[in-house]
There are 2 protein chains.
Amino acid sequence: MRTVRELAGAAKTASRVLAQTGTNEKRRALCAIADALEAHKEEIFAANAQDLRAAEEGGMRPAMLDRLKLNEKRLVAAAEGVREISREADPVGCAEGTVLRPNGLRIEKRRVPLGVVGIIYEARPNVTVDAAALCLYAGNACVLRGGKEAIRTNTALMRVMRGALADAGLPEDAMTLCEDTSRESAGEMMAATGLLDVLIPRGGAGLIRSVVENARVPVIETGTGICHVYADAGCDWEMAVNIIRNAKCSRPSVCNAAEDFLVHASEAKKLLPRVWHALRPYGVEMRCDERAYAILDGMEGVVRAREEDFATEFSDYILAVKVVDSLDEAIEEIALHGTGHSECIVTESYARAAAFTERVDAAAVYVNASTRFTDGGEFGLGAEIGISTQKLHARGPMGAAALTSVKYVVSGSGQIRE
Amino acid sequence: MRTVRELAGAAKTASRVLAQTGTNEKRRALCAIADALEAHKEEIFAANAQDLRAAEEGGMRPAMLDRLKLNEKRLVAAAEGVREISREADPVGCAEGTVLRPNGLRIEKRRVPLGVVGIIYEARPNVTVDAAALCLYAGNACVLRGGKEAIRTNTALMRVMRGALADAGLPEDAMTLCEDTSRESAGEMMAATGLLDVLIPRGGAGLIRSVVENARVPVIETGTGICHVYADAGCDWEMAVNIIRNAKCSRPSVCNAAEDFLVHASEAKKLLPRVWHALRPYGVEMRCDERAYAILDGMEGVVRAREEDFATEFSDYILAVKVVDSLDEAIEEIALHGTGHSECIVTESYARAAAFTERVDAAAVYVNASTRFTDGGEFGLGAEIGISTQKLHARGPMGAAALTSVKYVVSGSGQIRE
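Because the structure is a prediction, the values reported are computed rather than measured.

What counts as what
Residues numbered from 1 in each chain as written. Chains lettered and ligands numbered in written order. Predicted model: local features only at pLDDT ≥ 70, side-chain atom pairs only at ≥ 80, totals over all residues. Heavy atoms only, no water. Salt bridge = Lys/Arg side-chain N within 4 Å of Asp/Glu carboxyl O. Buried < 20%, exposed > 50% of the residue type's maximum accessible area, 1.4 Å probe, protein only. Helix = DSSP H or I, 4+ residues; strand = E, 2+ residues; numbered from the N terminus. Pairing = 2+ DSSP bridges. Axes fitted to C-alpha atoms, helices over the stretch in contact; angles between N-to-C directions. Contact = heavy atoms within 4.5 Å. Buried area = accessible area lost by both parts, 1.4 Å probe. Polar contact = N/O pair within 3.5 Å; in protein donor to acceptor, adjacent residues only side chain to side chain. pLDDT = per-residue confidence, 0-100. Least-squares fit on C-alpha atoms with pLDDT ≥ 70 in both. Expected span 1.5 Å × (residues − 1). Right-handed = clockwise from strand over helix to strand, strands pointing away. Disulfide = S-S within 2.5 Å. Parallel < 35°, antiparallel > 145°, perpendicular 65-115°, else oblique. Left-handed = near helix turned anticlockwise from the far one by under 90°. Nonpolar A, V, L, I, M, F, W, Y, C, P; charged D, E, K, R; others polar.

For the structure on display, the rule yields 67 salt bridges over all chains. Residues Asp309(A) and Arg306(A) are paired through a salt bridge, measuring 3.5 Å at the closest nitrogen-oxygen approach. Classification of Asp309(A) as buried rests on a relative accessible area of 2%. Of the residues examined, Arg306(A) reaches a relative accessible area of 47% and is grouped as partly exposed. Residue Arg359(B) pairs with Asp328(B) through a salt bridge whose shortest N-O separation is 3.0 Å. Remark: Asp328(B) occurs in helix H13 (residues 327-337) and Arg359(B) occurs in helix H14 (residues 350-359); sequence separation between them is 31 residues. Ionic contacts of the salt-bridge type, sharing partners, join the residues Lys12(A), Asp197(A), Asp361(B), Lys391(B) and Arg395(B) into one network.

In space, the 10 strands of this open sheet follow the order S1(A)-S2(A)-S16(A)-S13(B)-S12(B)-S7(B)-S8(B)-S11(B)-S9(B)-S10(B), with mixed pairing throughout. Both edges of this open sheet fall to strand S1 (95-100) of chain A together with strand S10 (302-304) of chain B, since each of them pairs with a single strand only. Between one strand and the next, the sheet's axes are offset by a mean angle of 25°, whatever the strand orientation. Taken together, the five bridges between strand S16 (residues 404-415) of chain A and strand S13 (residues 364-369) of chain B define a ladder with parallel strand orientation. The partner of Gln415(A) across the bridge, within S13(B), is Ala369(B). Of the strands in this sheet, strand S7 (227-231), strand S8 (258-264), strand S9 (285-288), S10 and strand S11 (318-324) of chain B are in contact with helix H11 (residues 265-279) of chain B, which crosses S8(B) at around 145°.

Next up on the list: the sheet that holds strand S5 (residues 175-177) of chain B. Where strands meet in a sheet, backbone hydrogen bonds hold them as pairs that are either parallel or antiparallel. Residue and element names in this part refer to chain B. Taking strand neighbours across the sheet as the criterion, the four strands line up as S5-S4-S3-S6 in an open arrangement whose pairing is parallel. Pairing within the sheet leaves two strands with one partner each, and these edge strands are S5 and strand S6 (198-202). On average, each strand axis in the sheet is inclined to that of its neighbour by 20°, with strand direction left out of account. Two elements, strand S3 (residues 116-121) and S6, share five bridges in a ladder whose sense is parallel. Paired with isoleucine 120 across the two strands is proline 201, which belongs to S6.

This part is about the interface of chain A and chain B. With 68 residues of chain A at the contact, the number on the chain B side is 68 residues. Regarding the contact of chain A and chain B, the summed buried area is about 5,600 Å², with carbon and sulfur atoms giving 51% of it. Sorting the residues of chain A by area buried against chain B places Leu392(A), Tyr408(A) and Arg417(A) first, and these three jointly supply 15% of that buried surface. Counting across the chain A and chain B interface gives 10 salt bridges. For the pair chain A and chain B, the interface holds 45 residue pairs in polar contact (both at pLDDT 80 or more). With 11 residues, S16(A) is the single largest residue contributor to the side of chain A that touches chain B.

A few words on the confidence of the model for chain A. On average, residues of chain A score 95 in pLDDT, and 100% of them reach the 70 mark or higher. Predicted complex metrics record ipTM = 0.93 and pTM = 0.92.

Between chain A and chain B, which share one sequence, the superposing operator has a rotation angle of 180° and an axial displacement of 0.0 Å; the RMSD is 0.0 Å. What the superposition gives is, in effect, a two-fold axis relating one chain to the other. For chain A, the smallest separation between a C-alpha atom and the rotation axis is recorded for His393(A), amounting to 1.7 Å. Most of the interface of chain A is mirrored in chain B, where 99% of its interface residues again form contacts.

Here helix H10 (residues 237-249) of chain B spans 18 Å end to end across 13 residues, near enough to the 18 Å set by a 1.5 Å rise per residue. Within H10(B), burial applies to Met239(B), Ala240(B), Val241(B), Ile243(B), Ile244(B), Asn246(B), Ala247(B), Lys248(B) and Cys249(B).

What follows concerns the side chain of Ser405(A). Its location among the elements puts Ser405(A) in strand S16. Residue classification places Ser405(A) among the buried positions, given a relative accessible area of 4%. At a separation of 2.8 Å, a polar atom in the side chain of Ser405(A) contacts the main-chain carbonyl oxygen of Lys391(B). In this structure, Ser405(A) is in contact with Arg110(A), Arg111(A), Val112(A), Pro113(A), Leu114(A), Lys391(B) and Arg395(B), ignoring residues within four places of it in sequence.

The next thing to look at is the pairing of S3(B). All names here are of chain B. With respect to burial, S3 is a largely interior element, six of its six residues being buried. Of the two faces of S3, the one holding Val116, Gly118 and Ile120 and the one holding Val117, Ile119 and Tyr121 are both buried throughout. Alignment of S3 against strand S4 (residues 141-145), held across five bridges, turns out to be parallel. By the bridge assignment, valine 116 is partnered in S4 with alanine 141. Remark: the S3/helix H6 (residues 126-137)/S4 crossover connection has right-handed handedness.

Okay, the state of the cysteines next. All names here are of chain A. Inspection of every chain in the model, using the stated rule, returns zero disulfides over all chains. For the unlinked cysteine cysteine 142, the closest cysteine sulfur is that of cysteine 135, found at 4.9 Å. Of the cysteine sulfurs around cysteine 227, a residue in no disulfide, the closest is that of cysteine 255, at 7.0 Å.

Residues and elements named next belong to chain B. With respect to the helices and strands, the residue cysteine 249 is situated in helix H10. On the basis of relative accessible area, cysteine 249 is assigned to the buried category, the value being 5%. The contacts of cysteine 249, once residues within four sequence positions are left out, are Ile244, Leu279, Tyr282, Val284 and Tyr317.

Okay, the packing of helix H3 (residues 41-57) of chain A against helix H7 (residues 151-167) of chain A next. Residue and element names in this part refer to chain A. Following both chains from N to C, one finds H3 and H7 inclined at 165°, their axes separated by 7 Å at the closest point. By the angle class used here, H3 and H7 are roughly antiparallel. For the pair H3 and H7, the sense of crossing is right-handed. For the pair formed by H3 and H7, the contact residues are Glu43, Ile44, Ala47, Asn48, Gln50, Asp51 and Ala54 on the first element and Ile151, Arg152, Thr153, Ala156, Leu157, Arg159 and Val160 on the second. Each residue belonging to the contact of H3 with H7 can be placed in one class, and the counts come to seven nonpolar, three polar and four charged.

And the structure:
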């Protein structure tokens, strides 16, 4: 079993080859990987069955077991995802503006791969396929460290993908898996300065916080989402109801789901009962501040909110509800408790729409649309490696381009600086 | 004296106002700052004289004393630099492409300020003015922590600049100075997660390494430069001599100066003596590998290199010299010892120029031009906050745009996600 530093060193060497690999070769390799995953499915399912058995014996909850499970449908979807990546535009090598300076120097700003991308994630084995494929397409080698629950599945997936890489004439170490799933190996990844160019944690809030707090290599923080929908004075009630229903109930476990509903006092009495009616069929519990509670008191699933409810990512059929007196108050609430992910205003006012989009500090700010659209595919960026909630390097859905950097290529004819 | 967390919190509040401040207001504020610096020069010089006296008594070296000194010429240059920033294009608010999605959502990628920028630097007081002005123009508040040697000068500069800000109707806390220059205050800045959006160290290699190793807030690594000039087989000797003379001797203390000269074996015998003649008037010591030493043996200032000389940023009139047998060997040497700053090939070969620019992994790669051009002004980016040698977020000279992030503004008409 290779150590993290050995893996990262081998990945670094492979990354130099990848950086020189053309789009067509990368596309062929991705298609070979997709084919190989389908061709070796029995081997992968067998490994997954072992992981599932061990997890069941260890008492894993059914929801987690479901995340760990790789069935025919999910494997085919993962392979199809890899093929889709191969059809996207390759960001590497494109120039973002070239200038000709007065002294005759031609300065091109050229997109180049980052080098080696480290990813620390939890139980979902499809991340192994998605992340490795997207890194490859952006010209990067990767070091993946998944959770121990999925180690047999991940090892099988990686064996198949590395074999396909080798068949396609690319270095196997362009994709590496850290088979040591101990706490120590995660620490070694966080300390691999000079070897990992970036580290991306994917998983629960605890994992992400731990990586951000402890890593010495550059980190991109992803995926924590306390998202708000604010129904403004004079908003269209039907639109507000549709948006909060979609933002809360269409997939409550994901980071772009809404956790908080803010409603202007002028609309609260009429709008809150309508929201209750729309969410009730989903079994949503509404945790209400005093003013909202006074309106909904006695309705099923309506409880009084505690202060911490407004600072919680429920990832569940729970919605915190607050009545506000102004746009300013809504924006303040979002600044206080939002995580900079996705925030929405439902409004008919041109001025307040502009003020909201200007003043709310988040990766995505919405006027009259559900927060659920914050996603690489929905934004037209293609497959994504995660949704950045930090401001450095990348913000919002991170497609292949977010896994690249730039280099200045300066062409001269003997220029020296005076 | 406010703590780092108090300063950063106040800066955060001020940053919300700055993010909403228009270009014209920022320009007026910068001009007011420049005028105020000139109007209060006696007060600033008096504070600087105290710093200089204390430093002299403390036994500071003359070169460092010179860096600390703020005279009429330097203060006027700093004020003029602030006015120049105000004449640049404002990056904030521009959209980098807007897409209309099939479902009618209009998604604009809009440039926004980062928020609060922390800068840890050493003795040069002009950084206080440059950095604060550039941060302001990009819509950011800043927390500056300079060296203890310059604390009186920095305090005076900051008092004047904050006064001008207030007169211009902007919050004083848009520019804050950490008056505690202890090691602890630097540590507090590195730990100020949630308050500082980015931390930029400016100074010597020791400071930068310490910040990169210890910071929990996102860091941009700047300014370490072990830069190479490679004279290729069949290159123009006169051009090679001009470029290495300029890259080594025009300002040896800066990060874009060359530290290493690599020469192809086919040119070494004729070219190295010419290089020696060109560098000798500057008193350059040439530290040569065995093959180069055999050619220059006996010449004044020529010594045998130790292995570590090829991994050293001399920042002085010293040049490490190595003879290589191929482009591959030159690229390997650069990969081994370069710091990813600026690398140059002098060549007449189209294919080798392309191979060098493709394969060398650095912020700036040059064909037939001096490495000394890696600079915001020379690249046409305007004033710079530093030169990033990392790949995340920004690479190469960082102008105002490098101090911004993006936000997605999504405009809909009630869209929900299926």
